[in-house]
Amino acid sequence: MASLRTASSRALRSSQFSRSSHKLIYNSLRCYSTNEKTLKETFAEIYPEKAEFIKKFKKEHGKTVIGDVLLEQAYGGMRGIKGLVWEGSVLDPLDGIRFRGKSIPEVQKELPKAPGSTEPLPEALFWLLLTGEVPTEAQTKAFSAELAARSELPKHVAELIDSCPSYLHPMAQFSMAVTALESESEFAKAYAKGVSKKEYWTYTYEDSINLLAKLPTIASKIYRNVFKDGKVSPVSKDLDYGANLATMLGFGENKEFIELMRLYLTIHSDHEGGNVSAHTTHLVGSALSSPYLSLAAGLNGLAGPLHGRANQEVLEWLEKLDEELHGNITKESIEKYLWETLNSGRVVPGYGHAVLRKTDPRYTAQREFALKHLPDDHLFKVVSTVYEVAPGVLTKHGKTKNPWPNVDSHSGVLLKHYGLTEAPFYTVLFGVARAFGVLPQLIIDRAYGMPIERPKSFSTEKYVELVKSLKK
């Protein structure tokens, strides 16, 4: 271990880090037990062998045909086209999401937890997504302390957030603040000085960890400014990521809400690379934009109603359903309401998914949390009754490929139960969580030397010509 630390120190001295970055990194390294490797040291040991494997794999099998593309896929948002490499997770239509091969129940069981907690720590999931390895409790605790040590915002970013009008949507403020952090980018500074491509990953790593560390402060500052008194509790080096986020939002006294934040951040983190926020972050990063600019682009995609904003729409729909039914929540009344919704040309929000063909395991994880902590909550009972009725109605309706609930069906109800009632802020929390999935992939992309993304596009006239030529 001593030799690893010596090598790490030598690399830091020889690199182009700023004096403040030197101090930050050395301070974070002191957090670690002498018997434990840091996350950066762990990844530095792992990636060269994997990068070499990928190089040989491409050389030997690069011409292998891995799938056919249909014209309807080109016009259907490239749905189902195999064209991305995403190491952290794979989404199976029937099995659901797996993080480095582990299901959500396995992640909940195997990842380290805070003392007295039953939910996994999201910082442990970040470690798993980056390395494929489950960190020890000591490594996770030290990584939590490192993130806390890096959490302070530059003055100009804090002032930018404070200057935003309260009517500017929280997601717009979130994206602006992340973009403004570009001033701190170690990657951008190193690239401008002509750093070797082999070192791209280490600067991307530093940016990614710094960014991840600052997101709770940014999110909490926006929440407190827009909806509360503008006062934000300081980050505590003794608290884990989820506990710090809950405390800074103003809910630190509620142990159940802290548990919810740990679960929420973990299960919302990654959903393979094809969704809008993940794909956008990857795409922008492929142009060698910094992690700050890349994540900001992904957040702008996440803000859309067809993506991350859906949980807000689900909650609003549930509240309207409850109001129009005057609290008369029965299977019969909900079935009638669902048919009225569908027959009017509207959709049932929170049901269906682009890939899944079963109940979303993330929905199930939240349902189990609710059954344990808030079984008598009224809106939870509404969600449960809709769950009993909606799949049958949607199946009979026949226009939904997946009649089962997705992650958005539940999250808003849980947040509202604990007093976080401001639905426009929900997508910001989703954005904090999504960073845990997309930032590890940016580090991996730079370590493996992944190229700029550039798919081929045709005009409709060209597609007509192509189809005619294929049918001759």
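Residues numbered from 1 in each chain as written. Predicted model: local features only at pLDDT ≥ 70, side-chain atom pairs only at ≥ 80, totals over all residues. Heavy atoms only, no water.

Things to note about the UniProt feature "active site" (unreviewed entry) in the chain
Within this structure's numbering, the places UniProt gives as "active site" (unreviewed entry) are H307, H353 and D408. These annotated residues cover 102 residues of sequence, and their C-alpha atoms all fall within 10.5 Å of one another, placing them together at a single site. Along the chain, H353 falls in the loop between α17 (331-343) and α18 (361-373). Its relative accessible area of 23% is what places H353 among the partly exposed residues. Look past the residues within four positions of H353 in its chain and what remains in contact with it is L91, H271, R362 and N402. Summarising the element assignment, D408 is placed in helix α20 (residues 408-417). For D408, a relative accessible area of 10% gives the class buried. In contact with D408, not counting residues within four places along its chain, are H307, A310, N311, V314 and F430. (UniProt positions renumbered as here; feature names shortened; annotations may be inferred. Helix = DSSP H or I, 4+ residues; strand = E, 2+ residues; numbered from the N terminus. Buried < 20%, exposed > 50% of the residue type's maximum accessible area, 1.4 Å probe, protein only. Contact = heavy atoms within 4.5 Å.)

Brief notes about the nonpolar core
Among the nonpolar cores identified, the biggest contains 113 residues, and F126, F174, L215, I218, F257 and L420 are the most heavily contacted of them. Ranked by residues supplied to this core, first place goes to helix α21 (residues 426-447) with 14 residues. Not counting chain neighbours up to four residues away, the residues in contact with F126 comprise L39, F143, I209, L212, A435, F436, L439, P440 and I443. Formed by five residues, the second largest nonpolar core is a distinct cluster that contains F187, A190, V195 and Y203. (Core = buried A, V, L, I, M, F, W, Y, C linked by side-chain atoms within 4.5 Å.)

Describing the packing of aromatic side chains
Two measures describe an aromatic ring pair: the distance that separates the ring centres and the angle between the ring planes. Scanning all chains against the criterion turns up 21 aromatic pairs. Aromatic side chains F257 and Y418 sit 6.2 Å apart centroid to centroid with 70° between the ring planes, which places their arrangement in the edge-to-face category. A residue pair is termed long-range when its members are at least 10 positions apart, and F257 in helix α13 (residues 255-267) and Y418 in the loop between α20 and α21 qualify at 161 residues. Here the two residues F257 and Y418 agree in accessibility, since each one is buried. Taken together through their ring pairs, the aromatic side chains of Y223, F227, F251, F257, Y418 and F425 make up a single cluster. (Phe/Tyr/Trp six-rings, centres within 6.5 Å; stacked < 30°, edge-to-face > 60°.)

A closer look at the pattern of salt bridges
Evaluation of the coordinates by the stated rule reveals 20 salt bridges. The residue R150 makes a salt bridge to E146 at a minimum N-O spacing of 2.9 Å. We note that R150, like E146, is buried. A salt bridge links K462 to E465; the nearest nitrogen and oxygen atoms lie 3.4 Å apart. Pair noted here: K462 and E465 are both in helix α22 (residues 460-470), with a separation of three residues, about one helical turn. A relative accessible area of 34% places K462 in the partly exposed class. Of the residues examined, E465 reaches a relative accessible area of 49% and is grouped as partly exposed. Three or more residues are tied together by salt bridges with common partners; here these are K40, E146, R150 and E206. (Salt bridge = Lys/Arg side-chain N within 4 Å of Asp/Glu carboxyl O.)

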